[in-house]
Structure formats: structure tokens, C-alpha cells
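Letter by letter, the chains look like this.
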Amino acid sequence: MNRYDVAVIGGGPAGLSAALAAKKAGAERVLVLERDSVLGGILNQCIHAGFGLHTFNEELTGPEYAARWIERARDAGVEFRMNATVIEVSPERVVTFVSPEEGLSQVEAGAVVLAMGCRERPRGALNIPGTRPAGIYSAGTAQRLMNIEGYMVGREAVILGSGDIGLIMARRLTLEGAKVKVVAELMPYSGGLKRNIVQCLDDFGIPLKLSHTVTQIHGRERVTGVTIAEVGADRRPIPGTEEYYDCDTLLLSVGLLPENELTRAMDADMCAATNGPNVSDALETSVLGVFACGNVLHVHDLVDFVSEEAGLAGASAARFAMGGAVPGGRCVPVRAEGGVRYTVPQRVDVENMAEKLTVRFRVADVYRDRCVSVYLDGERIQHRRKRVMAPGEMEQVTLERAALLGREGLREIRICTEAD
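Residues numbered from 1 in each chain as written. Predicted model: local features only at pLDDT ≥ 70, side-chain atom pairs only at ≥ 80, totals over all residues. Heavy atoms only, no water.

Colleague: Before we move on, could you go through the environment of A354 and cite the residues and values that matter?
Modeller: Relative to the helices and strands, A354 resides in the loop between β22 (347-349) and β23 (356-363). Each C-alpha atom, one on A354 and one on E400, is 8.0 Å from the other, the two residues being 46 residues apart in sequence. (Helix = DSSP H or I, 4+ residues; strand = E, 2+ residues; numbered from the N terminus.)

Colleague: Tell me about a nonpolar patch on the surface, and please be specific about residues and values.
Modeller: Residues I87, V98 and L104 make up a contiguous nonpolar surface patch of roughly 270 Å² in combined accessible area. With respect to the element layout, V98 can be found in strand β7 (residues 94-99). (Patch = residues over 30% accessible without salt bridge, like charges linked within 9 Å, V, L, I, M, F, W, Y side chains within 5 Å. Areas by Shrake-Rupley, 256 points an atom, 1.4 Å probe, with all protein chains shown as cover. Salt bridge = Lys/Arg side-chain N within 4 Å of Asp/Glu carboxyl O.)

Colleague: Mind laying out the sheet that holds strand β10 (residues 136-138), listing which residues take part and the relevant values?
Modeller: Strands sit in the order β10-β17-β11-β12-β13 across an open sheet of 5 strands; the sheet is parallel. Every other strand in the sheet has two partners, leaving β10 and β13 (208-210) as the edge strands with one partner each. Between one strand axis and the next, the sheet turns by 20° as a mean value, whatever way the strands run. Relative to strand β12 (residues 179-185), strand β11 (residues 156-160) runs parallel, the two being bridged by 5 bridges. (Pairing = 2+ DSSP bridges. Axes fitted to C-alpha atoms, helices over the stretch in contact; angles between N-to-C directions.)

Colleague: Quick one: what's the story with the packing of aromatic side chains, residue by residue and with numbers?
Modeller: For the structure on display, the rule yields 4 aromatic pairs. Seen in terms of ring centroids, F56 and Y65 are 5.6 Å apart; in terms of plane orientation they differ by 70°. Their pairing is edge-to-face. Under the relative-accessibility criterion, F56 is labelled buried at 13%. Judged by relative accessible area, Y65 falls into the buried class, the value being 0%. Relative to F320, the ring of F291 has its centre 6.2 Å away and its plane inclined at 70°; by these criteria the two rings are edge-to-face. Of the two residues, F291 is situated in strand β19 (residues 290-292) and F320 in helix α7 (residues 303-323); the sequence distance between them amounts to 29 residues. Classification of F320 as buried rests on a relative accessible area of 7%. Taken together, the ring pairs in this structure connect F56, Y65 and W69 into an aromatic cluster. The ring of Y367 has R370 sitting right over it, with the charged end atom 5.1 Å from the ring centre. Lying across the ring of Y375, R414 places its NZ or CZ 4.3 Å from the centre. (Phe/Tyr/Trp six-rings, centres within 6.5 Å; stacked < 30°, edge-to-face > 60°. Buried < 20%, exposed > 50% of the residue type's maximum accessible area, 1.4 Å probe, protein only. Lys NZ or Arg CZ within 6 Å of the ring centre and 35° of its normal.)

Colleague: For the nonpolar core, give the residues involved together with the corresponding values.
Modeller: Counting residues in each nonpolar core, the largest one holds 64 residues, and the members touching the most others are I9, V95, V113 and L114. V334, V340, V359 and V372 belong to the second-largest nonpolar core, a separate cluster that totals 21 residues. (Core = buried A, V, L, I, M, F, W, Y, C linked by side-chain atoms within 4.5 Å.)

Colleague: Explain the pairing of strand β1 (residues 2-9) to me, using residue names and the numbers behind them.
Modeller: Pairing geometry for β1 and strand β8 (residues 103-114), over 7 bridges, is parallel. The residue of β8 that forms the bridge with V8 is V113. Both β1 and strand β2 (residues 30-33) contribute to a ladder of 4 bridges, which runs parallel. If you follow V6 over to β2, its bridge partner there is V30.

Colleague: An account of the pairing of strand β20 (residues 331-336) is needed here, citing residue identities and associated values.
Modeller: Within a regular strand, side chains alternate between the sheet's two faces. Note: β20 against β22, 3 bridges, orientation antiparallel. Counted as the bridge partner of C331 is D349 from β22.

Colleague: Could you give an account of the packing of helix α1 (residues 13-24) against helix α2 (residues 62-76), naming the residues involved and the relevant values?
Modeller: Across the interface, α1 lies against α2 with an axial gap of 9 Å and an inter-helix angle of 30°. Considering their axes alone, α1 and α2 lie roughly parallel with respect to each other. The way α1 lies across α2 gives a crossing that is left-handed. Facing L16, S17, L20 and K23 of α1, the residues of α2 in contact are A66, W69, I70, R72, A73 and A76. Split into classes, the residues belonging to the contact of α1 with α2 amount to 7 nonpolar, 1 polar and 2 charged. (Parallel < 35°, antiparallel > 145°, perpendicular 65-115°, else oblique. Left-handed = near helix turned anticlockwise from the far one by under 90°. Contact = heavy atoms within 4.5 Å. Nonpolar A, V, L, I, M, F, W, Y, C, P; charged D, E, K, R; others polar.)

Colleague: Provide a residue-level description of unusual backbone geometry, including the pertinent values.
Modeller: Omega for the peptide link from V344 to P345 comes to 10°, which places this bond in the cis form. Here P345 is to be found in the loop between β21 (340-344) and β22. Here N57, not a glycine, exhibits a phi torsion of approximately 60°, which is positive. A positive phi angle is found at N127, which is not glycine, with a value near 55°.

Colleague: Outline helix α3 (residues 139-149), listing residues and values.
Modeller: A139, G140, A142, Q143, M146 and N147 are the residues of α3 that are buried. One side of α3 carries all its buried residues, which in axial view fall inside an arc of 155°. In this fold, the buried residues of α3 make contact with β9 (118-120), β10, α4 (164-175) and β17 (249-252). G150 sits one or two residues past α3 and shows a positive phi near 80°. (Arc of directions from axis to C-beta.)

Below is the structure:
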């Protein structure tokens, strides 16, 4: 059986960054297993600009951003196996995969990095009444059809959900000559970045209706229209608020789900808020020697943050593979409270953590003129006012090792929002 220091599952932005970081951290043999025929993941169909501002200090398209990481990884000597679908990772870190070239194969790894990304929530999860006509697509599927396959998905569209892919597709359809009638969002706030609302909707005069949802899909062979209605605080349609829109296309941008079937099969501890695994400050899951990063861990807003996070996972995996298990130090849980939905990581090894640790999180609602606070047990050590915080944009705080080590008997780290 082939032996690798680090095996990375997924060849998207997270996997590429993790593999490169593992090589730089001293791992000699690093393998990336990618189920597609090309590297780059979802970036290949994201032909719009806006990537790389934090990583390269310039604005790149998705394929350009991916190409830079692919080149770096190849130059560093990372090995790749394409068309390789991983079906199992054992507790001993034996990775089983299938491919047309090798059939059923296995590799043994000193450490494993999970970087499988995420998938879109389908129509079946929404329970929208109506038949099953042609013209209903997830936003990512429509993006692939238009940007890679070269097909026009429709001429008059309604978009349900205001996630970033849906917002970007509203602009893409408009630029190709289609008419986007409306973007309806169930929640009272958008799920996407503010810049995408401005650049993709406002700049093209496309209306965004918050607290609205699709209640009926019309048409049998092909979509002929949809009915949308306002929803109340209980997210149920309000009778009498229905509006009908003629359209031949309905795009769904209603959330992303981390691809964690492999993670669950390993019986890793999972986070209900993220649908990803619970991890330490080194991004190690509860399964020894298995690390996670990118959208399989929690859905990100910027790919630059994916690359940064994956770099930590790859370097941690390399250290584990070369030195074995690090003796457990004083592990302290990180609690999300007071308007904070979750944190990543969920626990911190105070004695073995980096000198500075970035903790990322999302808030549960739109907050204005509210503070982000960090408590060590009952004592507040950070208190920073934010003019606006929204669920669609990630927030972060920095924890310093020296401050945590100085707290003898520290029981928990708490991150929350406060009025003052």
C-alpha cells in the first residue's frame, strides 16, 4: 500500500492550500485526491472577478485564483490523482477510493485533511407546491451550465434566496440578456455579501424582496410563472400578500450544506450550527490525525479566508504526520452566545496553540451599533464596537496565547455580542 505523509481529500481552493502548506511544513509526500477531472473545484465556474484581494492584493477571477494555487502546489511537488472518489477513511487513516484508472484503491496516510467543500440545498428540501416542470435549477447548476457548458438557462427568471451564488447569477443572467424579475428571500435579511447586493442587484435595478418566499410553481412542461408571498415572523406565508410573476426559469439559492458524509462515517463530533465537524485550534477533528478546512468545515463568504484556514489545517496535518500525536494540553471550550451562532474552532489547546489564533464566527441576525466581546470565564478581555454585523458576512476575533496561559484554571472562552 502506498504511504503518504498527508492525504488531502478535495482539490478545490481549500485542498490546494492545505496541500501546499503541508509541503512547506516539511511533509515529503503529499497527495490530493480529487473526484473531478480537473483541479480548482467550484472556482472553475466562477468567472466573475472579486477573488484574491486578501491573498494576492489584486482582483482575480475564480479560474485565475485557482490557477495560481495549482501552479504553486505542482511546483512544490504535491501529487494529484484525478477522477478519484473517496469512499472511506478508516480510524487508522487508510483512505479508500475508486477511479477509472485504478479501480478500487487504498493509500495509507500519516494525517488526513478533509477539504470536500459543500453542495447546494435542493428543491426537495423546500416543500414548494407545484409540479416538476423544466426550468428549475439550483443557482450553482445554472452557473455551471452558463459559464462552462455554454447554455442559456432561461429568458425570464425569478430567484429564490439571496445567497452569494444567487446574487451573482442575477447579474450574470442580466448581462446575457435575460430579465430577472425579482429576488425573493425568506429571511428579513440577505444571506449574501453587501457588496454583491450592491453590484449584482442595485446596479441593475433588480428588486430584492425580504421576508418573501415562493408559494407556488406554475407550469407542467416548463415553468410559466411563480407566486410569491410575504411571510411573517413564523416564516409562514401571509394570506392576501400573494404576487404572480411570469417567468420561464426559477433559480434556487437557498443555502449550502458541507459535504460531510465521510466525516460522519468516521463518527467525528459534529456541530449542529455549521453541519461541519467540531475542531480544535489546529483544525483537528475529534478523530485523531484527521483535520478539516474550507466549506466542509463551515461555509465561508470569501475564498481568501478558505485558503488561509486551509493553510493552518495543512501545516497542522504535516506536524502530526511527522511527530505523531501531540500530548494533550489544557483544552478549553469556546462558547458561542448572545447572538453568535457558532465559532471555529470550538476548542483551544492553550499550551500548544499558536501565539495568535483567529476565531471566525457568524452572527444570528442583523445587528447595528453592537459590540463583540470575549470573556475568559467571567472576565471580559475584548470589547469592540461594530457598526453593522449580518449573518451573510463572517466576523472574527484574535486570541493571544499569552493571555490564555496567564489564566490558571481557565474553564471556558465565551464569544458574544452585547449592546454596550
